[in-house]
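Structural overview for review
Next come the chains, spelled out residue by residue.
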Protein chains: 2
Amino acid sequence: MLLVANSDYDVAVTEATNSGAATVPSRRGRGDKSSPTIYDIAKLAGVNPSTVSRALSKPGRVSAKTQKIIEDAAEQLNYRVNPFARALPTGRTQTFGLIVADITNPTFFDIIRGAESTGSSRDYTLVLAESAESADTEVTASRRMLSTVDGLILASPRMDDEQIRALAADKPVVVINRDVDGVPCVVPDVTKGIGQAVRSLAANGHKQIAYVAGPAQSWMSARRWEGVQSASEWSKLGAVRVESSKPTVDGGRYVARDILDSGATAVITYNDLLAIGLMQELQAAGVRVPDQISIVGFDDIFGADFTTPPLTTVRSPLGECGSRAATLLLDMLHGNEGPSGAIHVDTELVVRGSSGRLLA
Amino acid sequence: MLLVANSDYDVAVTEATNSGAATVPSRRGRGDKSSPTIYDIAKLAGVNPSTVSRALSKPGRVSAKTQKIIEDAAEQLNYRVNPFARALPTGRTQTFGLIVADITNPTFFDIIRGAESTGSSRDYTLVLAESAESADTEVTASRRMLSTVDGLILASPRMDDEQIRALAADKPVVVINRDVDGVPCVVPDVTKGIGQAVRSLAANGHKQIAYVAGPAQSWMSARRWEGVQSASEWSKLGAVRVESSKPTVDGGRYVARDILDSGATAVITYNDLLAIGLMQELQAAGVRVPDQISIVGFDDIFGADFTTPPLTTVRSPLGECGSRAATLLLDMLHGNEGPSGAIHVDTELVVRGSSGRLLA
DNA sequence: TTGTATGCGTTATCAG
DNA sequence: CTGATAACGCATACAA
C-alpha cells in the first residue's frame, strides 16, 4: 500500500526563536521524547484540553480571545495533531483511497497526480494501492482499504458493477474511466477526440482503418471501439477490430502482423503503449510511418512524443479526471450528494508526426 | 501526501459461508455498522480481550489451544486490526516514508516501486511525499512525515547533510543516491557504468566528450561528472562540462547549441530526460545521431527505448536501490544496526542506437 | 462559551 | 498463562 502525504494538517509554525537557554517548555509526563499534545497546550494556555480540541478542529466554536491564546500556545509548542488519535474517536481519517491496476503504468500516473494534488489542497492524504490487473485482488484491496479511508476512487476498475455498488454502499466511492449506474463517475467522452482523429484520417486519404483493442474486461476499450465504428461510418470508412494480447508495448509489437494483414492504412489503438510498440515493429519491418500507415494512440502519456515520428494521439485528460474525481469524493465526504449522472470530460486529438497523408 | 497500501495485516479469511439466515454474529453495542473488535472476539472465544490482543499480535505468548480458539473466532468474525488504535499505545505505525523530488519523474518511479514492493512484502505501508524540487519543502515534509511513520527514506535529497543527520537522530533514516556521513546510504557506483560508456565511445573513434550536468545541488550529478572526467583521462579523451538549466526534456533541448559549440562528438548527460531532449533538438537541426554525435543518457528510465534511435544509457538500478533501502530501513526498525558505510550497487552500460562509430 | 466525563480499539503493566 | 486495568491522544455529549 502506498500513501501520498498531504502537506498541511498542523498549525502554522514560525519556528520559535531559539531564545536564550532553559525555557524549553516541559514535555509530557514520561520520556521527554514524545511530541506535544493538546494537554500541553491546555496547560500553557490555561484552559481545558477539550477547549483546545475545539479550537483546533472546529472553527468558531470558541471565543476569539481564547482561540488566539490557544493558537499561539500551539504554535509555540510546535504542535501537530496526532492523526491516529484523531481517527480513533471520529472514524474519519482525512484520507481517501485510489485503486489502480498498475502503479508503473504511465496512464495512471496523471490520474494519481491529479487526485493527490487536489486532495492535498484540501488537507486529504491519498492512499494508493494497485490491483495487479486482477479483478479479485482489486476487490480485496478495495475492501481492505475501505476500512482505513474516508472514501475511495476506483480508476478503470475491472470488478463488476455489482461489486462496485456494494463498496459504494459502505462509503463514498467515485469511479474513473467507466460508467457504473448509481455510482458517481468521471469518464472521458471519447466521441469528440475519436471524431477528430477519424475525420483527420479520412481527409488524408485513408479508406480502411483498424482498431487495436485493449483488455476484454476494459469498459473503456469497448467505448473506444464503438467510437471508432460510428465515426468511421460517418466518414464512410471501413473499420476492423484487431485483438491484442496485452495493452503494453510488447502487445503492440505482437499485433503488427495482424495489422498488415488487415489491409488497413490507418490504425487507432486502445492506448499509447500499444501504438508505440506497433510503430516500432512496423518500422523495423520497413514500413514507413506515416507514409504507408498512420498510427494514432490514445491518452497522450509521458513519452508519447519521444518516438520518431512523435505519436499522434487522442488525449484523455487523465489528470483532470483524477482531480475531478477527488473533488467529487471530497464534496461527498462533506455532506454534498453525489451527482446523478456521470461527469463527462472532453478528449481531443493531438496531431503529431505518426499520422498523415497516405502516399500511394 | 501519498500512501501505498500493503496487502496484509489482517487474519486470513475464508469468507464464512452465507449459511442460512439469522446467524449473523451480533456486532458491538450501538449501530451495527462498525467492524468487529477484539472485544467481539473475546466474547465469542470466551476469553479476556487482552488475551486476544496477545494472541493476535505477539506469537507464542498464549497457549496453543486458546491461540487456535481465538484465531478461529477472529476468522469467523472477519476481524481486521484497527491500525489507528494500534498505533496509539505503541507509537509504531507499520509505516515508512519516502520523500522524492517529483512524483511524476520516471526516475523516481522505479525507486517507489522497489521500496513499496519490499515494504509491502514485510507488512509495511509506504507513505510517499514530494518535495517539489525544493530543499525547504523537503525538510518540512520530512519533519512532518517523521511524526507519522516509523522510518524514512530520502531519495536524492536536496537538503544539506546536517539536516539529514538531524532527522536521522529522531528515527531511522536511509538515503538513496547520496552519501551522507553517519547515515545509512544506498548509492549506485557510477564508475563501472561510466567506464564502460567512455571506453565504448573511445573505441568508436571519439576524442572529445561533453557532460551535460544536472542541478547544482545534486550530489549525484557531481559524482557523475567526476566519473566522466576520470574515465576520460584514462581513455585519453578530452572532457568538457556543459551546464543545463533544468534536468528535463526541455532542459536538454536548450543545451543543444552549447553542445554543438563545444566541439564534442559524444555526450553523456546527467539523466535520460536531458539526453532525449538533446537528441530531439539535435536531430531537428539536421545533426545525425549517432553518425555525427553519440548520445549516452543515464538511468534507463521508462521510455528511453521509445526514441529513434533508442537511447544508449548507463542503467542505474533504481528499483534495486529502493528495494535495498527499504530492506535496510526495515531491518533497522527491527533492532538491527544500520551499516557503517554506504551500500554500493553497480551501474552498467546499456548500448542501444544513440551511440556508435563516429563517421567523418 | 467552557469545563467534565467518557469512549474510540489496542497495547502494556501488573497481579493472580 | 491469563485476567483486570490503566494509558495512548483526541473528540464529544452533557453539564455548568
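What you see is a predicted model; the values in this text were computed from it and never measured.

1. Structural notes on the overall build of chain A
Looking only at helices and strands, chain A has 13 helices and 13 strands in total. Over its C-alpha trace chain A gives a radius of gyration of 26 Å, far above what one expects of a compact globule, namely 21 Å for 360 residues. When its C-alpha atoms are laid out on the principal axes, chain A stretches across 85 × 45 × 35 Å. Looking at the 360 residues of chain A, the share that counts as buried comes to 51%. Within chain A, contacts between residues at least 6 apart in sequence are counted, and of these 70% link residues at least 24 apart.

2. Concerning the interface of chain A and chain B
Counting from both sides, the interface comprises 49 residues of chain A and, opposite them, 49 residues of chain B. Summed over both sides, the interface between chain A and chain B buries roughly 3,800 Å², with carbon and sulfur atoms accounting for 64% of that surface. Its largest share of buried area at the contact with chain B, chain A owes to A:M1, A:F84 and A:F306, together 21% of the area lost on that side. Where chain A touches chain B, the interface holds 4 salt bridges. A salt bridge links A:R113 to B:E130, with the nearest nitrogen and oxygen atoms 2.7 Å apart. Of all the secondary-structure elements, those providing two or more residues to the side of chain A that touches chain B are β1 (2–4), α4 (83–90), α5 (106–121), β3 (125–130), α6 (135–146), α7 (161–170) and α12 (272–284) of chain A. Here the residues of the side of chain A that touches chain B sort into 25 nonpolar, 12 polar and 12 charged. Here β3(A) pairs with strand β1 (residues 2–4) of chain B via 3 bridges, running parallel. Within β1(B), the position partnered with A:V127 by the bridge is B:L3.

3. Description of the confidence of the model for chain A
In low-pLDDT segments, the atomic positions of the prediction should not be examined closely. A residue-level look at chain A finds 92% of positions with pLDDT of 70 or above and a mean pLDDT of 89. Counting interchain partners and residues more than four positions distant, the pLDDT-below-50 stretch residues 7–32 of chain A has 32 contacts.

4. What to know about the pairing of strand β8 (residues 238–242) of chain A
Residues and elements named next belong to chain A. In this sheet, β8 lies alongside strand β7 (residues 208–212) in parallel orientation, the contact comprising 5 bridges. When the sheet's bridge partners are listed, V212 is paired in β8 with V242. Following the backbone out of β7, through helix α9 (residues 219–234) and into the adjacent parallel β8, one traces a crossover that is right-handed.

5. Considerations on the pairing of β7(A)
Residues and elements named next belong to chain A. Burial runs high along β7: 4 of the 5 residues are buried. Taken together, the 4 bridges between β7 and strand β9 (residues 266–269) define a ladder with parallel strand orientation. Following the sheet pairing, A210 is matched in β9 by V267.

6. Here we look at the sheet that holds strand β11 (residues 312–315) of chain B
All names here are of chain B. Pairing is mixed across the open sheet formed by 6 strands, whose spatial order is β8-β7-β9-β10-β11-β13. In this open sheet, the two edge strands, each paired with only one partner strand, are β8 (238–242) and β13 (348–350). Sheet twist, expressed as the average angle between the axes of neighbouring strands with direction ignored, equals 25°. Note: strand β10 (residues 294–299) against β11, 4 bridges, orientation parallel. When the bridges of β11 are listed, D299 appears paired with R315. The strands that helix α8 (residues 190–203) touches are β7 (208–212), β9 (266–269), β10, β11 and β13; relative to β13, the one it contacts most, it runs at about 45°.

7. Let's talk about the packing of α6(A) against α7(A)
Residues and elements named next belong to chain A. Axis separation between α6 and α7 bottoms out at 11 Å; the angle between their running directions is 0°. If you check the angle between α6 and α7, you find them roughly parallel. Within the contact between the two elements, α6 uses V139, S142, R143 and L146 and α7 uses Q163, A166, L167 and D170. Broken down by class, the residue content of the contact of α6 with α7 amounts to 4 nonpolar, 2 polar and 2 charged.

8. A word on the environment of A:M279
Residue and element names in this part refer to chain A. You can see M279 is positioned in helix α12. For the pair M279 and G252, spaced 27 residues apart in the sequence, the C-alpha separation amounts to 7.9 Å. With residues up to four places along the chain from it excluded, the contact list for M279 reads V289, I295, T307, T308, P309, L311 and S354.

9. Describing the UniProt feature "domain: HTH lacI-type" (unreviewed entry) in chain A
Under the UniProt annotation, the feature "domain: HTH lacI-type" (unreviewed entry) is placed at residues 36–90 of chain A. Taken end to end, residues 36–90 of chain A is 71% helix and 0% strand, and its first and last C-alpha atoms sit 21 Å apart.

10. Considering unusual backbone geometry
A cis geometry characterises the amide bond from A:V289 onward to A:P290, with omega recorded as 10°. Looking at the element boundaries, A:P290 is found in the loop between α12 and β10 (294–299). The omega torsion across A:T308 and A:P309 is -5°, close enough to zero to call that bond cis. Assignment of secondary structure puts A:P309 in the loop between β10 and β11 (312–315). In the Ramachandran plot, A:N78 falls in the positive-phi region, its phi being about 60° despite a non-glycine side chain. Along the chain, A:N78 turns up in the loop between α3 (64–77) and α4. We classify A:N78 as partly exposed; its relative accessible area is 29%. The backbone phi angle of B:S156 is positive, close to 45°, even though this residue is not glycine.

The rules behind the values
- Residues numbered from 1 in each chain as written.
- Chains lettered and ligands numbered in written order.
- Predicted model: local features only at pLDDT ≥ 70, side-chain atom pairs only at ≥ 80, totals over all residues.
- Heavy atoms only, no water.
- Helix = DSSP H or I, 4+ residues; strand = E, 2+ residues; numbered from the N terminus.
- Rg over C-alpha atoms; globule rule 2.2 N^0.38 Å.
- Buried < 20%, exposed > 50% of the residue type's maximum accessible area, 1.4 Å probe, protein only.
- Contact = heavy atoms within 4.5 Å.
- Buried area = accessible area lost by both parts, 1.4 Å probe.
- Salt bridge = Lys/Arg side-chain N within 4 Å of Asp/Glu carboxyl O.
- Nonpolar A, V, L, I, M, F, W, Y, C, P; charged D, E, K, R; others polar.
- Pairing = 2+ DSSP bridges.
- pLDDT = per-residue confidence, 0-100.
- Right-handed = clockwise from strand over helix to strand, strands pointing away.
- Axes fitted to C-alpha atoms, helices over the stretch in contact; angles between N-to-C directions.
- Parallel < 35°, antiparallel > 145°, perpendicular 65-115°, else oblique.
- UniProt positions renumbered as here; feature names shortened; annotations may be inferred.

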